[in-house]
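Residues per chain, in single letters:
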Amino acid sequence: MKIREITGIDGDRRDYYLYPKAVPPYEKSDYIDQVLPDRFRYHSGDGDMWPLTWAEDDMIYGGAGDNRGCPMNIWRIKTLRFLPEKLTCTGHWCMDVINEKPVDLNKYCTPAAPYVKPSGLLDIGGTLYLSIEAQNYGDNPYFCRQRNLHGWIVRSTDAGRSFDPETTPRDFFRGRLSSCHFLQFGRGYSGARDSYVYAYFPCDLEDGGSYWENNDALLLGRVPKEKLTVRDSWEFYCGKDSLHPAWSREEELAVPVFSYYKMTGANHVAYNAGIQRYLMGNYSFVDENLNPRPIHQMRYPESHYSQLTLYEAPEPWGPWKLFYRDDRWGSYGDYQPNFPVKWMTEDGRIIYMASSGSWDDYNFVVQKFALKLKGDKAFPEKAKYFSYEL
């Protein structure tokens, strides 16, 4: 493997593997024709990760990591005026911490996995399921990614104020399945495609591990929603192509439903009922030449570029097509894009992207996007505000 030699700002060696340039391996969407991002972004809360779910009580619940002196907490986001095309700043929505520490960190943070983060959050009829990943801060000096070592699920029946710590064992998911990200549908899981819960698992195809950034692919699992916490009931996508889906309970038979070599993030996926498409935001970090380089490979202020690519698909397993790309995303390496289902207009043409980022974007960042589908004559009328300048 070729290595790029580089000296850090403090004179230390920060050499890294020189992987091929980050070029998305997916064709352009023939369904979403154009995208118009709002030039304004709105910030609230603090922390990162932000798995989101639209709950039965009409609130949005989110998990945040690494803030308030704690690696994980739960927030409630309240929409004050439900007109998605008009939502702007926090005068239209507000957010508050409702659980400072959903699990006992002294018990579940170990020397091998000293950090925990929220990977997925899902409300099913008023019951919240939180998937947790246990991490280290990287163990490869030439490609230092946060490694996910194992994961599990805890459950809340009181709107996130408390969680049952014994819902599943700590090693419910291991290896390349360590980071579980639930697919989102409507309020309280209404509008789901069937009786299953679906989840995505970022992984590295070369070493069989799972990482927070710069993976190779996503695997897809599903489970009957009434058996979500029964490990033997989970099965994994093993189809040969998107037209012939197949499933197996043998996790070693799982095959990727999305692949982007050393550029696959720990991604969130949501169903946009208005346009009848699954939307996924992908992120990972790059150097100034667009070669993959994890953010933890460098130190502040040496590493700060990330690439955002957005995809749509007719099924949870694809086929995925690219509809937006930003090679210098955010102000300092943003990550973890997500699309709150509640904040999608009825026709699906205006959506909101929530994300986080390093340093000045290390909070709940929200930005509007307008979609123009093939056959639409124009963007939605409200999109005229997105690019307005005096």
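Scroll up a little and you will see the structure.
Below or above, wherever it landed, is the structure these notes cover. In this text, all values refer to a predicted model and were calculated from it rather than measured experimentally.

### A word on the overall build of the protein chain
Next up, step 1: What the protein chain contains, in helices and strands, is one helix and 26 strands.
Next up, step 2: Taken over C-alpha atoms, the radius of gyration comes to 20 Å for the protein chain, in line with the 21 Å a tight globule of 390 residues would show.
Next up, step 3: Taken along its principal axes, the extent of the C-alpha atoms in the protein chain is 50 × 50 × 45 Å.
Next up, step 4: Relative to its full complement of 390 residues, the protein chain shows a buried share of 58%.
Next up, step 5: Taking the average location of the 46 positive side-chain charges in the protein chain and that of its 53 negative ones, the two points are 3 Å from each other.

### Focus: the sheet that holds strand 20 (residues 269–272)
Next up, step 1: One open sheet holds the four strands; their spatial order is 20-21-22-23, and the pairing between them is antiparallel. Each having just a single partner strand, strand 20 and strand 23 (321–326) make up the two edges of the open sheet. Adjacent strand axes in the sheet meet at a mean angle of 25°, parallel and antiparallel pairs treated alike.
Next up, step 2: One ladder, built from nine bridges, connects strand 21 (residues 277–286) with strand 22 (residues 305–313); its direction is antiparallel. Within strand 22, the residue paired with M280 across the bridge is Y311.

### Considerations on unusual backbone geometry
Next up, step 1: The omega torsion of the bond from Y300 to P301 falls at 0°, within 30 degrees of zero and hence cis.
Next up, step 2: The topology assignment puts P301 in the loop between strand 21 and strand 22.
Next up, step 3: The linkage connecting G318 with the following residue, P319, adopts the cis geometry, with an omega of 0°.
Next up, step 4: Tracing the backbone through its elements, the reader meets P319 in the loop between strand 22 and strand 23.
Next up, step 5: Backbone geometry places D58, a non-glycine residue, at a positive phi of 75°.
Next up, step 6: Position of D58 among the secondary structure elements: in the loop between strand 5 (48–54) and strand 6 (60–67).

### Brief notes about the packing of aromatic side chains
Next up, step 1: All chains considered together, the criterion is met by 38 aromatic pairs.
Next up, step 2: Between F172 and F173, the aromatic rings sit 4.8 Å apart at their centres with planes inclined by 80°, giving edge-to-face as the arrangement. Comparing F172 with F173 shows no difference in burial state: the two are buried.
Next up, step 3: An angle of 50° between the planes, with centres 5.7 Å apart, marks the rings of F185 and Y271 as tilted. Taken together, the residues F185 in the loop between strand 13 (181–182) and strand 14 (196–203) and Y271 in strand 20 connect sequence positions 86 residues apart.
Next up, step 4: Residue classification places F185 among the buried positions, given a relative accessible area of 2%.
Next up, step 5: Judged by its relative accessible area of 19%, Y271 falls in the buried class.
Next up, step 6: Taken together, the aromatic side chains of W50, W75, W93, W343, Y352 and F364 make up a single cluster linked through ring pairs.

### Things to note about the pattern of salt bridges
Next up, step 1: According to the stated counting rule, one finds 29 salt bridges in the structure shown.
Next up, step 2: Put simply, D12 and R299 hold a salt bridge, and the shortest N to O gap is 2.5 Å. Here R299 lies in the loop between strand 21 and strand 22 and D12 lies in the loop between strand 1 (3–4) and strand 2 (16–17), a separation of 287 residues in the sequence.
Next up, step 3: For R299, a relative accessible area of 41% puts it in the partly exposed group.

### Here we look at the sheet that holds strand 7 (residues 70–79)
Next up, step 1: Strand order in the open sheet made by the four strands is 5-6-7-8, with antiparallel pairing throughout. In this open sheet, the two edge strands, each paired with only one partner strand, are strand 5 and strand 8 (93–99). Taken pair by pair, the neighbouring strands of this sheet meet at an average axis angle of 30°, ignoring direction.
Next up, step 2: Here strand 6 pairs with strand 7 via seven bridges, running antiparallel. Note that in strand 7 the partner of I60 across the bridge is I77.

### Here's the deal with the environment of A266
Next up, step 1: Tracing the chain through its elements places A266 in the loop between strand 19 (258–264) and strand 20.
Next up, step 2: A C-alpha to C-alpha distance of 9.5 Å links A266 and G281, two positions 15 residues apart in sequence.
Next up, step 3: Those residues in contact with A266 that lie beyond four places of it in its chain are S179, H181, P202, W212, Y283 and Q336.

### Re the pairing of strand 24 (residues 334–338)
Next up, step 1: For strand 24, a buried count of five out of five residues is recorded, marking the element as mostly surrounded by other parts of the structure.
Next up, step 2: The pairing of strand 24 with strand 25 (residues 350–357) spans three bridges and is antiparallel. Looking at the pairing, Y335 lines up with S356 of strand 25.

### Let's talk about the nonpolar core
Next up, step 1: Membership of the largest hydrophobic core comes to 63 residues, with the highest contact counts inside it found for F182, F201, L228, W234 and W320.
Next up, step 2: Of the residues forming this core, the biggest block, six residues, is contributed by strand 14.
Next up, step 3: Other than its neighbours up to four places away in sequence, L228 contacts L122, I124, Y129, I153, F172, F182, V197, V223 and W234.
Next up, step 4: L308, F323, I351 and L373 belong to the second largest nonpolar core, which has 26 residues in total.

### Remarks on the environment of L373
Next up, step 1: Note that L373 resides in strand 26 (residues 364–373).
Next up, step 2: Setting aside residues up to four positions removed in sequence, L373 forms contacts with Y31, I32, D33, I275 and R349.

### Some remarks on the environment of N338
Next up, step 1: One can find N338 in strand 24.
Next up, step 2: Residues N338 and A354, 16 residues apart in the sequence, show an inter-C-alpha distance of 5.1 Å.
Next up, step 3: With near-sequence residues (within four places) excluded, N338 lies in contact with W50, P51, L52, H268, Y352, M353 and A354.
Next up, step 4: Only 3.1 Å separates the side chain of N338 from the backbone oxygen of W50, close enough to count as a polar contact.

Criteria and thresholds
- Residues numbered from 1 in each chain as written.
- Predicted model: local features only at pLDDT ≥ 70, side-chain atom pairs only at ≥ 80, totals over all residues.
- Heavy atoms only, no water.
- Helix = DSSP H or I, 4+ residues; strand = E, 2+ residues; numbered from the N terminus.
- Rg over C-alpha atoms; globule rule 2.2 N^0.38 Å.
- Buried < 20%, exposed > 50% of the residue type's maximum accessible area, 1.4 Å probe, protein only.
- Lys, Arg positive; Asp, Glu negative; His and termini not counted.
- Charge placed at Lys NZ, Arg CZ, Asp CG, Glu CD.
- Pairing = 2+ DSSP bridges.
- Axes fitted to C-alpha atoms, helices over the stretch in contact; angles between N-to-C directions.
- Phe/Tyr/Trp six-rings, centres within 6.5 Å; stacked < 30°, edge-to-face > 60°.
- Salt bridge = Lys/Arg side-chain N within 4 Å of Asp/Glu carboxyl O.
- Contact = heavy atoms within 4.5 Å.
- Core = buried A, V, L, I, M, F, W, Y, C linked by side-chain atoms within 4.5 Å.
- Polar contact = N/O pair within 3.5 Å; in protein donor to acceptor, adjacent residues only side chain to side chain.

Scope: geometric values only; no functional claims are made or implied.
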